[in-house]
Amino acid sequence: MTKLQRIILIMLLLTGAAMAQSVPQLYKQVGKFQIGGEGGWDYIAYDAGSNRLFVAHNMEIVVIDAATGSKTGSVPANGAHGTAIVAEKNLGFSTNGRAGTVTAFDLKTLQPKQEIKAGDNPDAIIYDRYSKKVVVMNGRSKELMAIDPDSLKVVATVPLGGKLEFAAADSSHVYVNVEDTGEIASVDSKTWKVDQRWKLTGCEEPSGLAIDEKKHDLFSVCGNKKMVVVDTRNGQIVSTLDTGAGTDAAGFDPQLGYAFASNGADATITVVKAGKGRTYVVADNVTTQRGARTMAVDPKSHRLFLPTAELGPPEEGQRRPSIKPGTFMILVYAPAK
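Bear in mind the structure is a predicted one, so any value in this text is a computation, not a measurement.

## Description of the state of the cysteines
Part 1: Applying the stated criterion to the full structure yields 1 disulfide.
Part 2: Between the sulfur atoms of Cys 203 and its disulfide partner Cys 222 the distance amounts to 2.1 Å. Given an S-S torsion of about -110°, the disulfide between Cys 203 and Cys 222 has left-handed geometry. With Cys 203 in the loop between β17 (193-199) and β18 (209-212) and Cys 222 in strand β19 (residues 217-222), this pair connects stretches of sequence that are 19 residues apart. Of the two residues, Cys 203 and Cys 222, both sit in the buried class.

## Topic: the side chain of Asp 123
Part 1: By secondary structure assignment, the location of Asp 123 is in strand β10 (residues 122-128).
Part 2: Lacking a salt bridge, the buried Asp 123 has Lys 163 as its closest oppositely charged neighbour, with an N-O distance of 4.7 Å.

## Remarks on the confidence of the model for the chain
Part 1: Overall, the predicted model of the chain reaches an average pLDDT of 93, with 93% of residues at or above 70.
Part 2: Throughout residues 17-21 the model reports pLDDT below 50, and contacts reaching past four residues in sequence, or to other chains, amount to 0 contacts.

## Brief notes about the environment of Val 174
Part 1: Residue placement: Val 174 occurs in strand β15 (residues 173-178).
Part 2: As a C-alpha pair, Val 174 and Ile 126 span 48 residues in sequence and 9.8 Å in three-dimensional space.
Part 3: Filtering out sequence-adjacent residues up to four positions away, Val 174 remains in contact with Asp 128, Val 135, Leu 144, Ala 167, Ala 168, Ala 169, Ala 185, Ser 186, Val 187, Ser 189 and Trp 192.

## Some words on the pattern of salt bridges
Opposite charge on two side chains makes pairing possible when the charged atoms of those side chains draw close.
Part 1: Per the stated rule, a full pass over the model turns up 15 salt bridges.
Part 2: In this structure, Asp 120 and Arg 140 form a salt bridge, with 3.6 Å as the shortest nitrogen-oxygen distance. Taken together, the positions of Asp 120 in the loop between β9 (112-117) and β10 and Arg 140 in the loop between β11 (133-138) and β12 (143-148) put the pair 20 residues apart, joining distant regions of the chain.
Part 3: Notably, a salt bridge pairs Arg 293 with Asp 248, separated by 2.4 Å at the nearest N-O pair. Here Arg 293, found in the loop between β25 (280-287) and β26 (296-297), pairs with Asp 248, found in strand β22 (residues 247-253); they are 45 residues apart in sequence, far enough to count as distant.
Part 4: Under the relative-accessibility criterion, Arg 293 is labelled partly exposed at 21%.
Part 5: Among the charged side chains, a salt-bridge network with shared partners connects Asp 217, Asp 231, Arg 233 and Arg 278.

## Overview of the sheet that holds strand β16 (residues 183-188)
Part 1: Read across the open sheet, the 4 strands follow the order β14-β15-β16-β17; overall the sheet is antiparallel. Strands at the two margins of the open sheet, each flanked by one partner only, are β14 (164-169) and β17. Recorded for the sheet is a direction-independent mean angle of 25° between the axes of neighbouring strands.
Part 2: Pairing analysis gives 6 bridges linking β16 to β17, with the strands arranged antiparallel. Directly across from Val 187, in β17, lies its bridge partner Val 194.

So, how was this worked out
Residues numbered from 1 in each chain as written. Predicted model: local features only at pLDDT ≥ 70, side-chain atom pairs only at ≥ 80, totals over all residues. Heavy atoms only, no water. Disulfide = S-S within 2.5 Å. Helix = DSSP H or I, 4+ residues; strand = E, 2+ residues; numbered from the N terminus. Buried < 20%, exposed > 50% of the residue type's maximum accessible area, 1.4 Å probe, protein only. Lys, Arg positive; Asp, Glu negative; His and termini not counted. Salt bridge = Lys/Arg side-chain N within 4 Å of Asp/Glu carboxyl O. pLDDT = per-residue confidence, 0-100. Contact = heavy atoms within 4.5 Å. Pairing = 2+ DSSP bridges. Axes fitted to C-alpha atoms, helices over the stretch in contact; angles between N-to-C directions.

This is the structure in structure tokens:
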């Protein structure tokens, strides 16, 4: 290569890098809600009816006005993990990992109504609007439980043989990520029996799960920096995409058609969109903040909400970074255009 050719190559590389840096991101940060308090956090749920956020934070479910960021109340929790909203019953349900229970509480007053015995380490929780059941994933006892919001009783227990993470539902099934076996378990929500188990080839330790019901696609995020898209009709893998380190949650915006992976270690949100045919492509990697690993989506305003805090080095004998007291916050993102 001549000296002139080398100069031209360097100029092209620099121009390409500058153009890449100048491309606007699809989402921008539009808010930061300073919440405070101490300890770690887990799932965050958005309630469209009241425009509130329910955030599992240490020993409580913190309730936040999604418009102003002000804390409007809390629900006591013995090892808070997640919240499911049943608006038509004016009830919320939260999982208490340490106590092995689910708290049913009044959505308006936030007062607990009943403690429901769950399995070992109840973790993720969703409301399946089709079966009209609250679905709890018991992580260590490796079973799914269905709770009737009318009787506040467990009406079905489904052994799944692995450590359960998040779930998603459509009109006939509940789909559950099984972390340690690298599978999605498909549970018939009429019979409450497992009818399919789909191996997530190329996906290690699946955690977050979201669904596009119209396209019959599941978006499963994985511990090895991948998102795997699975067809709910046959369990076939549609696409495998690169995400980032520390991924925990998945989300989907049905109007915009974007799927999301929140990557806490890399401090990014990977935005995925449909490509040609039945494929998907990465549309963007939006910069967030370290620790922002869980996420909630407001499908009307298209905002994304991600909890995090100021993090320091791990304390002696610990693997996770330390959390600076009083710095817990919710980051808010919205489409840039």
